[in-house]
Amino acid sequence: MQDDITYDLAIVGGGLAGLALSIQIAKAGYKVVLFEKESYPFHKVCGEYISLESWDFLQRLGIDLPSLNVSYIKRLQVSDIKGKFFEQSLPLGGFGISRYKLDHELAQIAKQTGVIIHEQTRVNDIHFSNEHFSIASTKGNFIAKVVAGSFGKRSNLDVKWKRPFIIAKRNKLNNYIGIKYHIRYDFPDDLIALHNFKKGYCGISRIEDDKYCLCYLTTADNLQSSNNDIQKMEQNILSANPHLKKIFGECEMLWKEPVTISQISFDKKNLVQDHVIMIGDAAGMITPLCGNGMSMALHASKLAAKQIQSFLEHTISRESMEQNYSSDWNKHFASRLKTGRILQRLLADKRLANLMISLGRSFPALIRTLIKQTHGSSF
């Protein structure tokens with residue numbers, strides 16, 4: 001198949017950032033094509049908690065959040081390996097909704113707005129020449145004026161381009177695995193809990209339809225030491241925390257097998273690669289314990305949309321588009337990611353994690369300050 005249309009924007013990856021960007025540019029009257037290797041709806045590893053800073057933006061995109069029976073989360077609980085915990089209110093708060101539901105809703109809005117979505121389509125190469133991109137995919141070749149990369153935490157294009165985080169030596173920030181379940185469990189609707197265990201932490205919070213997202217992040221070493229057996233790792237390592245032991249022992253698992261992802265990296269990433277603008281996790285990941293990756297992805301799509309639209313209107317050059325986007329992204333997110341990496345290192349150290357829990361119990365204002373540093377304002 002050879003598509004004869006020259007698209008104004010091509011987006012590789014149909015997660016939150018990619019779909020949100022596609023809707024904004026299509027609403028502005030431009031031709032947009034989006035490639036997604038899966039078929040909607042589908043599950044993906046994600047904590048499925050969104051800061052309220054994203055509420056108005058999602059509503060403007062066309063998502064009727066109240067009608068989706070989302071949860072409203074107002075409190076945070078954090079425990080150490082032995083189960084000692086602190087609990088406090090969240091300064092801004094958030095809501096819970098599954099990616100299965102939210103991504104599907106955004107995909108439907110994108111299609112209604114005129115975005116051409118190619119599902120079950122993998123992009124194998126992107127080449128820039130003479131101010132246009134040639135995109136080679138499993139559905140054929142496409143041409144676009146602008147390309148945005150929204151292909152998540154790790155993709156075949158990252159490997160092909162040898163992006164720095166791909167070729168970096170293994171370290172404390174780039175060799176994680178993520179595992180997610182949907183469960184039913186007797187747990188407060190307005191609470192998100194983060195329970196620490198050896199070399200990892202697990203979050204639980206309510207999503208839609210009285211279901212809960214149970215998602216944890218740990219090192220590849222933990223799985224390898226458990227003979228690559230997820231259930232064994234949960235029994236021997238995660239369940240050393242009494243809160244997690246109770247959850248895994250009493251909850252109703254809604255799936256036969258969890259959704260998993262490996263080789264997760266929290267290293268810094270370049271924001272523009274060969275003139276491809278990176279958004280979402282492709283641009284950089286905040287550690288899940290900060291609970292703000294979904295809001296960052298949505299906000300980044302707004303920042304990118306502003307610059308892309310200006311370029312398509314011929315009011316700025318490609319170079320300015322790329323520089324302005326990079327500057328805006330760093331202004332809004334660089335300090336958040338830095339704080340997240342610091343917290344990641346703290347919680348990876350048993351002694352420091354215990355100290356942090358103790359401080360959280362004695363000085364709640366300190367924790368509120370840390371939370372505010374990983375969140376932004378309504379956009």
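Since the structure is predicted, the reported quantities are computational estimates derived from the model, not experimental observations.

Q: I would appreciate a short explanation of the overall build of the chain in the present structure.
A: Each helix and strand in the chain was counted, giving 12 helices and 17 strands. Sorting the 379 residues of the chain into buried and exposed places 56% on the buried side. For the chain, long-range pairs separated by at least 24 residues make up 72% of all intrachain contacts whose partners lie at least 6 apart in sequence.

Q: How should the nonpolar core be read in this particular structure?
A: One broad trend across soluble globular proteins is that nonpolar side chains are buried collectively. Counting 74 residues, the largest nonpolar core has L21, L58, I308 and Y325 as its most contacted members. The element best represented in this core is helix α9 (residues 293-312), accounting for 11 residues. Beyond its immediate sequence surroundings of up to four residues, I308 is in contact with L9, L21, I25, V146, I277 and M321. The next biggest cluster of nonpolar side chains, apart from the first, holds 22 residues, and it includes I177, F187, Y212 and F248.

Q: Is there a simple way to think about the state of the cysteines in this case?
A: Taken as a whole, this structure holds 0 disulfides when the rule is applied. C213 provides the cysteine sulfur closest to C46, a residue in no disulfide bond, and the two sulfurs are 6.8 Å apart. The structure places no disulfide on C251, whose sulfur is separated from the nearest cysteine sulfur, that of C202, by 9.6 Å. Relative accessible area serves as the criterion here: at 13%, C251 is assigned to the buried category.

Analysis parameters
Residues numbered from 1 in each chain as written. Predicted model: local features only at pLDDT ≥ 70, side-chain atom pairs only at ≥ 80, totals over all residues. Heavy atoms only, no water. Helix = DSSP H or I, 4+ residues; strand = E, 2+ residues; numbered from the N terminus. Buried < 20%, exposed > 50% of the residue type's maximum accessible area, 1.4 Å probe, protein only. Contact = heavy atoms within 4.5 Å. Core = buried A, V, L, I, M, F, W, Y, C linked by side-chain atoms within 4.5 Å. Disulfide = S-S within 2.5 Å.

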